[in-house]
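Summary of structural features
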Amino acid sequence: MQRSRVGPVVATLGLALVVAGTFLPWFRSGSVSRSSYAAAGLADRLALLDDPLAGTALRAWVAVPALAAACLVLLVCGLARTGATLTALLAITGGTVALIATVQGGGTTGVVSVALAGPVTTLCGSALALAGAVGTFITARAGRTR
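A look at the confidence of the model for the protein
When pLDDT is averaged along the protein, the result is 86; 88% of the residues meet or exceed 70. Least confident of the elements in the protein is helix H3 (residues 52-60), whose mean pLDDT is 78; most confident is helix H4 (residues 64-76), at 95.

Next comes the structure, spelled out in structure tokens:
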């Protein structure tokens, strides 16, 4: 495989893990497990957050798969730097949310608890996608200076 393709391939694998992780269980209440989308929708419907910015972020969370697909299309179509930029932004945002959920999940024994499968998968995918985006930037820059 060409070195210039390693970054986009790693980013693509990371994006796939990010999307898969968002569909895995993030929260558990009783015997019911909820994905990140179900939990975000429930929090939005119940108006659990008073901050309008947080409410907007909850509603925007459903765009994660579409944004990941857009990143993939940009990377495949040869717009490597644009795709890597969007990938890095998505990886940082998704990774931050997953990291917060993972940290909050430690030792939770209440009625509602964090299920670690989704956040940990999303966090690992975010790290991989970010590494792929950085690798894409490095190879794109090296190719420009030759």
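So that's the structure; there's more coming.
With respect to the pairing of strand S2 (residues 32-35)
Of the pairings in the sheet, the one linking strand S1 (residues 25-29) to S2 comprises four bridges and is antiparallel in character. Bridge pairing in S2 places serine 29 opposite valine 32. Where S1 hands over to S2, the hairpin turn is made up of two residues, of which glycine 30 adopts a positive phi near 65°.

Observations concerning the packing of H4 against helix H5 (residues 80-105)
The axes of two packed helices give the description: the angle between them and the distance between them. The contact between H4 and H5 brings their axes to 7 Å, and the two run at 155°. Looking at the two axes, H4 sits roughly antiparallel to H5. Like other packed secondary-structure pairs, H4 and H5 cross with a definite hand, here left-handed. Between H4, through Val64, Leu67, Ala68, Ala70, Cys71, Leu74 and Leu75, and H5, the contact on the second element is made entirely by Ala80, Thr82, Gly83, Ala84, Leu86, Thr87 and Leu90.

Parameters and conventions
Residues numbered from 1 in each chain as written. Predicted model: local features only at pLDDT ≥ 70, side-chain atom pairs only at ≥ 80, totals over all residues. Heavy atoms only, no water. pLDDT = per-residue confidence, 0-100. Helix = DSSP H or I, 4+ residues; strand = E, 2+ residues; numbered from the N terminus. Pairing = 2+ DSSP bridges. Axes fitted to C-alpha atoms, helices over the stretch in contact; angles between N-to-C directions. Parallel < 35°, antiparallel > 145°, perpendicular 65-115°, else oblique. Left-handed = near helix turned anticlockwise from the far one by under 90°. Contact = heavy atoms within 4.5 Å.

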